[in-house]
Amino acid sequence: PAAALRARYCFNFPGSADHVVELVKPFGLTKEKSLLDLGCGLGGGTRAIAKEFGTWVEGMEQSPALARAGMEMSEKAGLGKKATVTAYDPAKVYFTPRRYDAAFARMVLWQLADKKRLLGEIDKGLKSQGQLTFTDYVIKPGAAGTAGLSAWLKAEHCANMPCGLTDVSKMLEELKI
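Summarised in this report is the structure supplied together with it. (Residues numbered from 1 in each chain as written. Predicted model: local features only at pLDDT ≥ 70, side-chain atom pairs only at ≥ 80, totals over all residues. Heavy atoms only, no water.)

## Focus: the overall build of the chain
Working step 1: What the chain contains, in helices and strands, is seven helices and five strands.
Working step 2: Ordered by position in the sequence, the α and β elements of the chain form the string α-α-β-α-β-α-β-β-α-β-α-α.
Working step 3: Its C-alpha radius of gyration of 16 Å places the chain within 12% of the 16 Å reference for a compact globule of 177 residues.
Working step 4: For the chain, the spread of C-alpha atoms along the principal axes amounts to about 45 × 35 × 30 Å.
Working step 5: Classification of the 177 residues of the chain by burial places 43% in the buried group.
Working step 6: As displayed, the chain has an accessible area near 9,600 Å², and 57% of this comes from carbon and sulfur atoms. (Helix = DSSP H or I, 4+ residues; strand = E, 2+ residues; numbered from the N terminus. Rg over C-alpha atoms; globule rule 2.2 N^0.38 Å. Buried < 20%, exposed > 50% of the residue type's maximum accessible area, 1.4 Å probe, protein only. Areas by Shrake-Rupley, 256 points an atom, 1.4 Å probe, with all protein chains shown as cover.)

## A word on the nonpolar core
Working step 1: Counting 20 residues, the largest nonpolar core has Leu 36, Leu 38, Phe 95, Val 108, Leu 118 and Ile 122 as its most contacted members.
Working step 2: Put simply, the parts of the chain that give this core at least two residues each are β1 (34-38), β4 (100-106), α5 (115-125) and α7 (165-174).
Working step 3: Those residues in contact with Val 108, other than ones at most four positions away along the chain, are Leu 38, Gly 39, Tyr 88, Leu 118 and Asp 136.
Working step 4: Formed by 16 residues, the second largest nonpolar core is a distinct cluster that contains Val 24, Phe 27, Ala 50 and Phe 104. (Core = buried A, V, L, I, M, F, W, Y, C linked by side-chain atoms within 4.5 Å. Contact = heavy atoms within 4.5 Å.)

## Here we look at the pattern of salt bridges
Opposite charge on two side chains lets them pair, provided their charged atoms get close.
Working step 1: Within this structure, the stated rule accounts for seven salt bridges.
Working step 2: For the salt bridge of Lys 116 with Glu 174, the shortest nitrogen-to-oxygen distance reads 2.6 Å. One end of the pair, Lys 116, is in helix α5; the other, Glu 174, is in helix α7, with 58 residues separating them in the sequence.
Working step 3: Look at Glu 174 and you get partly exposed, because its relative accessible area is 41%. (Salt bridge = Lys/Arg side-chain N within 4 Å of Asp/Glu carboxyl O.)

## A word on the packing of aromatic side chains
Working step 1: Here the structure, examined in full by the defined rule, presents four aromatic pairs.
Working step 2: Taken together, Trp 110, Tyr 137 and Trp 152 form an aromatic cluster joined through their ring pairs.
Working step 3: Seen from the ring of Tyr 94, Arg 117 lies directly overhead, with NZ or CZ sitting 5.1 Å from the centre. (Phe/Tyr/Trp six-rings, centres within 6.5 Å; stacked < 30°, edge-to-face > 60°. Lys NZ or Arg CZ within 6 Å of the ring centre and 35° of its normal.)

## Details of the sheet that holds β4
Working step 1: What the five strands build is an open sheet, ordered β3-β2-β1-β4-β5; its pairing is parallel. Two strands in the sheet have a free side with no partner beyond their single neighbour: β3 (83-87) and β5 (126-135). Neighbour-to-neighbour, the strand axes of this sheet turn through a mean angle of 15 degrees, independent of strand direction.
Working step 2: When β1 meets β4, the two strands line up parallel, connected through four bridges. Bridging across to β4, Asp 37 finds its partner in Phe 104. (Pairing = 2+ DSSP bridges. Axes fitted to C-alpha atoms, helices over the stretch in contact; angles between N-to-C directions.)

## What to know about the side chain of Thr 46
Working step 1: Structurally, the position occupied by Thr 46 is in helix α3 (residues 44-53).
Working step 2: Taking the relative accessible area as the measure of exposure, Thr 46 reaches 0% and is therefore buried.
Working step 3: Dropping the residues within four chain positions of it, Thr 46 is found in contact with Asp 37, Cys 40, Val 57, Gly 59, Ala 83 and Thr 84.

## Here we look at the environment of Ile 177
Working step 1: Among the secondary structure elements, Ile 177 is positioned in the segment after α7.
Working step 2: For the pair Ile 177 and Leu 132, spaced 45 residues apart in the sequence, the C-alpha separation amounts to 8.6 Å.
Working step 3: Once you skip the residues sitting within four places of it in the chain, Ile 177 turns out to touch Leu 119, Asp 123, Leu 132 and Leu 172.

Now the structure itself:
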């Protein structure tokens, strides 16, 4: 069964192939469409999406080591062209305008100083009717500076703060996303 095959995909963060497939299902992906998968880790979701929908998926991961391992896994799975995994720097990446039908980003904004720049780049890379789904950490009003949040960010070796939902909404509105 398809669920048993998807269980073989490799993930280095919580979730499963079924979960990723469910998250991108509203995009209406087909073999003629392309998807940008930011924060793909080892590319388990990248491969699951390519396999499930026949979609061309470009996975991008911050860690060069994870990206190399993920690309090797894509090649071993026979998906070396359909589900690529490459390293990128989210603070410096630029996307080819109007290249992707959809973008899926997991946990890539919270640790960036300039979150709006990356959102703008993602938007630039989407085709005119392109769609974006992202998951990320946001903080509730008044949580900035609390002991718990400070301890977590220190443990993550992160100098930047996740922003609030209002801030994310404002950035999306300003970018007309």
